[in-house]
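What the coordinates show
Here is what each chain is made of, one letter per residue.
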Amino acid sequence: MKIKEIGGEFALIERLSGLVPGTHPEVVQGIGDDAAVVRIAPEPAPFLLVTTDILVEDQHFKRAWASPEQIGIKAAECNVSDIAAMGGTPQWMFISLVLPAGTEVEWIENLYRGICQSCRRHSIALLGGDTTQGAVVTINITLLGSVHPDNLCLRSHARPGDALLVTGPLGASAAALALLTSGHKPPGYLLEKHLTPNCRMDISHFIAPLANAMIDISDGLGAEVHHICAASRVGAEIVASSVPLHDEVRKAGALLGIDPLLWAISGGEDFELLFSISPERVPQLKASGVLCHEVGRVTDRPGAVVLIPSDGIPIPLAGGYDHFQ
Ligand code: ADP
Ligand code: MG
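Below you will find a few notes about this structure.

What counts and what doesn't
Residues numbered from 1 in each chain as written. Chains lettered and ligands numbered in written order. Predicted model: local features only at pLDDT ≥ 70, side-chain atom pairs only at ≥ 80, totals over all residues. Heavy atoms only, no water. Axes fitted to C-alpha atoms, helices over the stretch in contact; angles between N-to-C directions. Helix = DSSP H or I, 4+ residues; strand = E, 2+ residues; numbered from the N terminus. Parallel < 35°, antiparallel > 145°, perpendicular 65-115°, else oblique. Left-handed = near helix turned anticlockwise from the far one by under 90°. Contact = heavy atoms within 4.5 Å. Donors = N, O, S within 2.8 Å, 3.2 Å for Na, K, Ca; no water. Buried < 20%, exposed > 50% of the residue type's maximum accessible area, 1.4 Å probe, protein only. Phe/Tyr/Trp six-rings, centres within 6.5 Å; stacked < 30°, edge-to-face > 60°. Lys NZ or Arg CZ within 6 Å of the ring centre and 35° of its normal. Patch = residues over 30% accessible without salt bridge, like charges linked within 9 Å, V, L, I, M, F, W, Y side chains within 5 Å. Areas by Shrake-Rupley, 256 points an atom, 1.4 Å probe, with all protein chains shown as cover. Salt bridge = Lys/Arg side-chain N within 4 Å of Asp/Glu carboxyl O. Pairing = 2+ DSSP bridges.

Before going further, it helps to examine the packing of helix H3 (residues 68-85) against helix H4 (residues 105-121). Interaxial distance between H3 and H4 falls to 7 Å at its minimum, and their mutual angle equals 40 degrees. Taken as axis vectors, H3 and H4 run oblique relative to one another. Here H3 and H4 pass one another in a crossing that is right-handed. Across the interface between the two elements, Pro68, Glu69, Ile71, Gly72, Ile73, Ala76 and Glu77 from H3 touch Trp107, Asn110, Leu111, Arg113, Gly114, Ile115, Gln117, Ser118 and Arg121 from H4.

Rendered as structure tokens:
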């Protein structure tokens, strides 16, 4: 059987997690969220957070389009983004590299300069890794961090009636990629969002104490809403006209004849945060100076995850990017 035939990447992860031996008392959250959560001492001691991500040459980056520094920044930021999505603080990093035999040392050093720039920004200590030879450059980062139990935001914590908010405009990274693959030069804003995303550690600490569920937007708004709804056993309504799009994303859509909403919903790699929060807490969040956009709400109808277009007639909300679909 091929991965495609069982429904793609997420269906595969679900099947694999079914083979993993059962729960351990110290595991607060195993497979199934942005990071694993482990109890290391009696509460109120913080929980340990662990996340890992792989970037593969030509799947996730092209050496012709991105400098090694940019690739390093992106590799680090997408991990930090997962820790931010749990409401936590990133602390310790390990890097495993697969390198083709002919890789220039200068390229690898510049990759590290990018990774270290991100580590400095977030006060992360880089503690080790592994290096081996292989066909294409592959960068695997494992990042550990911690979260106070009160600030932990699991995908499973959304409640019917919650508002759904995102931390910034979506679709820019996918718009840049669409322009690049069709031979256009993306404007600076889009290129920066695509090549050197800045995860939202800057505001996650304000959101976490107030939010219920949270997830980072790595595979598109559609996929992330589905993940929250599946984990929380709830439904959701997303209002199409409320999804924030930058002017440059709209312009790119007009140029390529693509509805820019598709990039926001199914494009991915925005590394903004999506969270659910009880509506009476939204004014408190806004008062703390956090700029967020309400895109919809959580409902008590599990399985009903819909988009409401301008005609008001709900349609199923599309999923996001899947490496095997
Ligand atoms: P994210 O996009 O936030 O990095 P993923 O979709 O990669 O999340 O992963 C979702 C969940 O599945 C996470 O808990 C992750 O640890 C787990 N996971 C992904 N791949 C595997 C695997 N090969 N084996 C076990 N768990 C996995
Ligand atoms: Mg994530």
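It is worth spelling out the coordination of the magnesium ion (ligand 2) at this point. Here the magnesium ion (ligand 2) is held by Asp34 (OD), Asp82 (OD) and Asp216 (OD), and the distances to it run 2.0 to 2.1 Å. Sequence positions of the residues that donate to the magnesium ion (ligand 2) give the spacing D-x47-D-x133-D. On the criterion of sequence distance, the pair formed by Asp34 in the loop between strand S1 (27-29) and strand S2 (36-39) and Asp82 in helix H3 is long-range, its members being 48 residues apart. Its relative accessible area of 6% is what places Asp34 among the buried residues.

Taken as a whole, this structure holds zero aromatic pairs when the rule is applied. Over the ring of Trp65 we find Lys62, and its NZ or CZ is 5.7 Å from the ring centre.

Glancing now at a nonpolar patch on the surface. Together, Ile13, Val20 and Ile31 make up a nonpolar patch on the protein surface, roughly 260 Å² of accessible area in all. Tracing the sequence through the fold places Ile13 in helix H2 (residues 9-19).

The strand order S8-S10-S7-S11-S9-S12-S13 describes an open sheet built from seven strands, whose pairing is mixed. Looking at which strands have only one partner, the edges of the open sheet turn out to be strand S8 (214-216) and strand S13 (315-316). Across three bridges, the pairing between S8 and strand S10 (residues 273-277) is antiparallel. In the strand pairing of S10, Met214 is matched with Phe275. Along the sheet, helix H8 (residues 221-232) makes contact with strand S7 (163-166), S8, strand S9 (235-239), S10 and strand S12 (305-308), crossing S9 at roughly 155 degrees.

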